[in-house]
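# Inside the fold
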Amino acid sequence: EILKNSTPVLLGLDKDMANKSQEIANLFYQYDIDVKILPLGKFKDVGEMSKKDFLCASRLAKKWEKDDKLLYKINSL
């Protein structure tokens, strides 16, 4: 459905899944789907956030670009 409707994606996986977030974002990017990565801040996952916290974080979400995957790998060394 996401591909069929070209639905933008706000990706907010647990902090320990940061590498997986990059892989998922890259897959959507390959299909020209806009992806933003949700910053979790002090929270371990989205489920800990209140609605207000989530809305604030969604406004800070950064659009994912192809170079972000490489930058993530470099920064994780």
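Structural data are supplied above this passage.
Report on the accompanying structure. These figures come from a predicted structure and were not determined experimentally. (Residues numbered from 1 in each chain as written. Predicted model: local features only at pLDDT ≥ 70, side-chain atom pairs only at ≥ 80, totals over all residues. Heavy atoms only, no water.)

### A word on the overall build of the protein chain
To keep it simple, the criterion reads: A helix here means a DSSP run of H or I that spans at least four residues, while a strand means a run of E at least two residues long, and both kinds are numbered starting from the N terminus. Radius of gyration here uses only the C-alpha atoms, and the compact-globule reference equals 2.2 Å multiplied by the residue count raised to the power 0.38. Summary of the burial criterion: residues with accessible area below 20% of their type's maximum are buried, those above 50% are exposed, and those between are partly exposed, where the area comes from a 1.4 Å probe applied to protein chains only. All accessible areas in this document rest on Shrake-Rupley with a 1.4 Å probe, and a residue is counted as covered only by the protein chains that are shown.
Each helix and strand in the protein chain was counted, giving four helices and three strands. For the protein chain, whose C-alpha radius of gyration is 13 Å, the value lies close to the compact-globule estimate of 11 Å for 77 residues. A principal-axis box enclosing the C-alpha atoms of the protein chain has dimensions of 35 × 30 × 15 Å. Relative to its full complement of 77 residues, the protein chain shows a buried share of 23%. Just so you have it, the protein chain exposes about 5700 Å², and 56% of that area is on carbon and sulfur atoms.

Just distances and angles here, no functional claims.
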